[in-house]
Each structure stands twice: as C-alpha cells, then as structure tokens.
Amino acid sequence: MYQNYSNIEYVKPAGLDLKDRLVGVQRVTKVTKGGRAFGFSAIVVVGDENGVLGQGLGKSKEVSEAIAKAIEDAKKNLVRIPIKKGTLPHEQKGKYGGARVFLKPASEGTGVIAGGAVRAVLEAVGVHNVLSKSQGSSNPHNVVKATFDALLQLRSPETIAYQRGVSINKVFNG
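It should be emphasised that the depicted structure is a prediction, and the values quoted were computed from it without experimental measurement. (Residues numbered from 1 in each chain as written. Predicted model: local features only at pLDDT ≥ 70, side-chain atom pairs only at ≥ 80, totals over all residues. Heavy atoms only, no water.)

Engineer: What should I look at first to understand helix 1 (residues 63–75) in this one?
Structural biologist: Residues three or four positions apart in an α-helix share a direction because the helix packs 3.6 residues into each turn. Between its first and last C-alpha atoms helix 1 spans 19 Å; for 13 residues at 1.5 Å apiece the expected length is 18 Å, and the two agree. Burial in helix 1 covers these residues: Ala-66, Ala-70, Ile-71 and Ala-74. Taken around the axis of helix 1, the buried residues stretch over an arc of 140°, which confines them to a single face. The inward-facing, buried residues of helix 1 abut strand 2 (19–32), strand 3 (35–47) and strand 4 (52–60). (Helix = DSSP H or I, 4+ residues; strand = E, 2+ residues; numbered from the N terminus. Expected span 1.5 Å × (residues − 1). Buried < 20%, exposed > 50% of the residue type's maximum accessible area, 1.4 Å probe, protein only. Arc of directions from axis to C-beta. Contact = heavy atoms within 4.5 Å.)

Put into structure tokens, the structure is as follows:
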C-alpha cells in the first residue's frame, strides 16, 4: 500500500492494544434507474498510542458495518512511526491529492495543536506535543493520507546515523 518509502516497518496486530478513532462517516448515493441507493463510507485510524498506526476505509449500507470494515482494513495496514519523547524527531511535510500537512515537533506541555483528521491521526500514534498546519483540501480522506505521508517520511536519529555510516553523537553534533 505504501510505496516510495525506504524506512517503513510493517507491524502485525497480534498482541497490540489498538484503539480506534473514527475520523469521518459520509453518506454516499448510487443513482440507479429504480431511484437512489444510499450507503455509508467510514474512515478510521487505529493505533496503540506508542508509535504504531494504521488507517482504513469501509463501505456498507449500514453505518456500524462500515465502521467495522474500516477498523479491519486499518489493522491490515499497520506501520511503526518513530516518536521521540512524546513528539516527532524533526519537521516534516506531507501531501496527498489536494491536501498538504506540515508537522513540527514541540516542547513538553504544548499539546497537540492540530485540527480534525490530523489530530485523530497524531493522537492515535501517540504524539502528545506537536504543531501542525493543514492546507489545501479539507477532505478527511486526503488529510489523513497526507498526514500518513508526513509520518512515514520521519526518520529516527538511529536510522539517520546508520544511513550516513556515522555515530549518533555525530548526527547531533556534527
């Protein structure tokens, strides 16, 4: 599902205490010759609030069934995100479709300064202090995917040191 990222670590849902957050439910309509057929589309993010995150989409004629399908889909797409002391390791931009998201680490006590879909994703992954800005499309599907794009591009200091072939001290002091 996620391509073009070199440092993605997929996670199995077994043994994780996953909490789901409903981002949005939309009523969708299919127009047929017999009239309109109504259904529902739900987008959900799941996370263990400790660096594991997944997002899913479910569609059904019933709201509860759509949400259940979305949760199952989200559990199939779990990835590990590097979190450093309750915030992000560095600034990052993400985009998907017309949505753009900017995430910036914040000091202890700042809280999650984010709205709507971005807040749901950041709280599910376990980020407690972050500043964010969402631009462009406010469509929750695109905003969630743009936030995922930003989070998947994050690299921990250990990963950066390994990729550069230097010690961690050199990453911070050099």
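Engineer: Help me out: how do you make sense of the pairing of strand 3 in this one?
Structural biologist: Within a regular strand, side chains alternate between the sheet's two faces. Here strand 2 runs beside strand 3; their pairing, made up of 13 bridges, is antiparallel. Residue pairing for strand 3: Arg-27 is matched across the bridge by Phe-40. Once strand 2 ends, the chain turns through 2 residues before running back antiparallel as strand 3. Sheet topology places strand 3 next to strand 4; 8 bridges connect them, and they run antiparallel. Across the sheet, residue Gly-47 finds its bridge partner in strand 4, namely Leu-53. What sits between strand 3 and strand 4 in their antiparallel hairpin is a turn of 4 residues, with Glu-49 showing a positive phi close to 60°. (Pairing = 2+ DSSP bridges.)

Engineer: Is there a simple way to explain the sheet that holds strand 1 (residues 9–10) in this structure?
Structural biologist: Sheet strands line up and pair through hydrogen bonds in the backbone, either parallel or antiparallel. Overall, antiparallel pairing links the 5 strands, which are arranged 1-5-4-3-2 in an open sheet. Whereas interior strands pair on both sides, the edge strands pair on one side only; in this sheet they are strand 1 and strand 2. Where helix 1 meets the sheet, its contacts fall on strand 2, strand 3 and strand 4, and the angle it forms with strand 4 comes to roughly 145°. This element, helix 3 (residues 140–152), spans strand 2, strand 3, strand 4 and strand 5 (79–80) of the sheet and lies at about 160° to strand 4. (Axes fitted to C-alpha atoms, helices over the stretch in contact; angles between N-to-C directions.)

Engineer: Just to check I follow, could you spell out the packing of helix 2 (residues 116–125) against helix 3 for this structure?
Structural biologist: Helix-helix packing: each pair is described by the crossing angle between the helix axes and the interaxial distance. Viewed as axis vectors pointing N to C, helix 2 and helix 3 meet at an angle of 45°, and their least axial separation amounts to 8 Å. In this view, helix 2 runs oblique relative to helix 3, as classed from their interaxial angle. Along this stretch, helix 2 crosses helix 3, giving a crossing that reads as right-handed. Contacts between helix 2 and helix 3 pair Ala-117, Val-118, Val-121 and Leu-122 from the former with Pro-140, Val-143, Val-144, Thr-147, Phe-148 and Leu-151 from the latter. Grouping the constituent residues of the contact of helix 2 with helix 3 by class yields 9 nonpolar, 1 polar and no charged. (Parallel < 35°, antiparallel > 145°, perpendicular 65-115°, else oblique. Left-handed = near helix turned anticlockwise from the far one by under 90°. Nonpolar A, V, L, I, M, F, W, Y, C, P; charged D, E, K, R; others polar.)

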